[in-house]
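# Breakdown of the fold
Now for the letters of each chain:
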Amino acid sequence: MSTIHLHQTTTLTPEQYIAGLTDFGPGRSKLFSNSADGYLKVHALGRSQADVTEGSGGIWERLHYDWSDPNHVVLTTTDSNLWGGASGHTYNFTRRLDGTTDIDVDVVREGKNLTGLLLGFVVGTIGKGVLEKAFVNSVRAIEARNSGATKEHVA
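Below: a short report on this structure.

About the criteria used
Residues numbered from 1 in each chain as written. Predicted model: local features only at pLDDT ≥ 70, side-chain atom pairs only at ≥ 80, totals over all residues. Heavy atoms only, no water. Pairing = 2+ DSSP bridges. Helix = DSSP H or I, 4+ residues; strand = E, 2+ residues; numbered from the N terminus. Axes fitted to C-alpha atoms, helices over the stretch in contact; angles between N-to-C directions. Contact = heavy atoms within 4.5 Å. Salt bridge = Lys/Arg side-chain N within 4 Å of Asp/Glu carboxyl O. Buried < 20%, exposed > 50% of the residue type's maximum accessible area, 1.4 Å probe, protein only. Patch = residues over 30% accessible without salt bridge, like charges linked within 9 Å, V, L, I, M, F, W, Y side chains within 5 Å. Areas by Shrake-Rupley, 256 points an atom, 1.4 Å probe, with all protein chains shown as cover.

### Regarding the sheet that holds strand β6 (residues 88-95)
- Pairing is antiparallel in the open sheet, where 7 strands are placed in the order β1-β7-β6-β5-β4-β3-β2. Of all the strands in the sheet, the pair left with one neighbour each is β1 (2-10) and β2 (41-45). The mean angle between the axes of side-by-side strands here comes to 20°, regardless of whether they run parallel or antiparallel.
- The pairing of β1 with strand β7 (residues 101-109) spans 9 bridges and is classified as antiparallel. Across the sheet, the residue bridging to His7 is Asp104, located in β7.
- Contacts from helix α3 (residues 114-124) reach β1, β4 (59-69) and β7 within the one sheet, and its direction differs from that of β1 by about 40°.
- The strands touched by helix α4 (residues 128-145) are β1, β6 and β7; relative to β1, the strand with the most contacts, the crossing angle is about 30°.

### Re the pattern of salt bridges
- Counted under the stated rule, the structure contains 8 salt bridges.
- With a closest N to O distance of 2.4 Å, Glu15 and Arg95 form a salt bridge. Here Glu15 is found in helix α1 (residues 14-21), whereas its partner Arg95 is found in strand β6, with 80 residues between them in sequence.
- By relative accessible area, which is 47% here, Arg95 ends up partly exposed.
- Among the ionic pairs, Glu61 bridges to Arg109, the shortest N-O distance being 2.7 Å. Taken together, the residues Glu61 in strand β4 and Arg109 in strand β7 connect sequence positions 48 residues apart.
- When salt bridges that share partners are traced, they join Arg96, Asp98 and Asp102 into one network.

### Regarding a nonpolar patch on the surface
- Side chains of Phe121, Val122 and Ile126 sit close together on the surface and give an oily, nonpolar patch of about 340 Å² of accessible area.
- Look at Val122 and you get partly exposed, because its relative accessible area is 35%.

Pasting the structure below:
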């Protein structure tokens, strides 16, 4: 099992990032490169929860999204072709006095088959940079969408 911690400081409020994170409409891949529109299927959508299948490049997972706490969003993997067990994503938001927001994300990858075990190992070691780049790009894309974008981020 691999756990990857990611951090980004943004001009977005937690509500703005969560609005992007929970926008399951067409064009989602412009915000989240690992969520190709062809894989996207919304099974259920409520005010603060969703059941969504998404993925890309032959990897998919069904996630239960819970954003009922505006400072803590949990995505739990309920089914996948690779991930099982404790897999998912946890987002924590901390508002800073200067008006920015710290976003901390923990991504857990527990393989449920040989391919998942191997990919989980790769993601937890040399693949962390790929996840980090995708996360930074998602923050930048949501900043641009909210037209409060700043360019002062570490790539």
